[in-house]
Amino acid sequence: MAENKLNTMPNDELLTDLADLFKLFSDSTRIRILYLLLLEKELMVGDIAEKLNMTQSAISHQLRLLKQSKLVKNRRDGKAVYYSLDDEHVTSILAMGKEHIEE
């Protein structure tokens, strides 16, 4: 059986990092971007901006924050840059948050 990862108090640095991670989920635009990438798997900035009816500049800013926190990743194909969720943890966080709210 897997060891419970919540059985001891983390150090202050880890708690700060955790708080910073959850701050990123406090913005509905970032949540919308994450959900869109969850549904579409991979999109360019322009596609995200069009689907969310926002400017490319605004989307780029939010993607930069999400990438810095390892919630999204990108890959280049020539001049095109495609964004996707970084890993399954992001999907799990979104699913657990949605489940909690819907209870």
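Residues numbered from 1 in each chain as written. Predicted model: local features only at pLDDT ≥ 70, side-chain atom pairs only at ≥ 80, totals over all residues. Heavy atoms only, no water.

Things to note about the overall build of the protein
- Helix and strand content of the protein: 5 helices and 3 strands.
- Going from the N terminus to the C terminus, the protein shows its helices and strands as α-α-β-α-α-β-β-α.
- Taken along the three principal axes of its C-alpha coordinates, the protein extends 45 × 30 × 25 Å.
- Within the protein, residue pairs in contact and separated by at least 24 positions form 47% of the contacts whose partners lie at least 6 positions apart.
- Accessible surface computed for the protein: about 7700 Å², of which carbon and sulfur atoms make up 53%.
- Charge separation in the protein, taken as the distance between the mean sites of 14 positive and 17 negative side-chain charges, equals 8 Å. (Helix = DSSP H or I, 4+ residues; strand = E, 2+ residues; numbered from the N terminus. Contact = heavy atoms within 4.5 Å. Areas by Shrake-Rupley, 256 points an atom, 1.4 Å probe, with all protein chains shown as cover. Lys, Arg positive; Asp, Glu negative; His and termini not counted. Charge placed at Lys NZ, Arg CZ, Asp CG, Glu CD.)

Some words on helix α1 (residues 12-24)
- Over its 13 residues, α1 extends 19 Å from the first C-alpha to the last, a length consistent with the 18 Å expected when each residue adds 1.5 Å.
- Its side-chain oxygen 3.1 Å from the backbone nitrogen of Glu13, Asn11 forms the N-cap of α1. (Expected span 1.5 Å × (residues − 1). Polar contact = N/O pair within 3.5 Å; in protein donor to acceptor, adjacent residues only side chain to side chain.)

Focus: the environment of Asp47
- Relative to the assigned elements, Asp47 resides in helix α3 (residues 45-52).
- In this structure, the C-alpha to C-alpha distance between Asp47 and Tyr82, residues 35 residues apart in sequence, is 9.7 Å.

Looking at the nonpolar core
- Counting residues in hydrophobic clusters, the biggest one holds 21 residues, and the most contacted among them are Ile33, Leu34, Leu37, Ile48, Ile59 and Leu63.
- For this core, the elements supplying multiple residues, two or more each, are α2 (28-40), α3, α4 (56-68), β3 (80-85) and α5 (88-102).
- Excluding its chain neighbours within four sequence positions, the residues that come into contact with Leu63 are Ile33, Val45, Ile48, Val72 and Tyr83. (Core = buried A, V, L, I, M, F, W, Y, C linked by side-chain atoms within 4.5 Å. Buried < 20%, exposed > 50% of the residue type's maximum accessible area, 1.4 Å probe, protein only.)

A word on a nonpolar patch on the surface
- On the surface, a nonpolar cluster with roughly 420 Å² of combined accessible area is contributed by Met9, Leu15, Leu18 and Phe22.
- Counting through the fold element by element, Leu18 comes out in helix α1.
- A relative accessible area of 40% means that Leu18 is categorised as partly exposed. (Patch = residues over 30% accessible without salt bridge, like charges linked within 9 Å, V, L, I, M, F, W, Y side chains within 5 Å. Salt bridge = Lys/Arg side-chain N within 4 Å of Asp/Glu carboxyl O.)

Topic: the pairing of strand β2 (residues 72-77)
- Taken together, the 6 bridges between β2 and β3 define a ladder with antiparallel strand orientation. Across the sheet, Val72 pairs through a bridge with Leu85, a residue of β3.
- From the end of β2 to the start of β3, which pair antiparallel, there are 2 residues, and Gly78 there has a positive phi angle of about 70 degrees. (Pairing = 2+ DSSP bridges.)

These results come straight from atomic positions and should not be treated as a statement about function.
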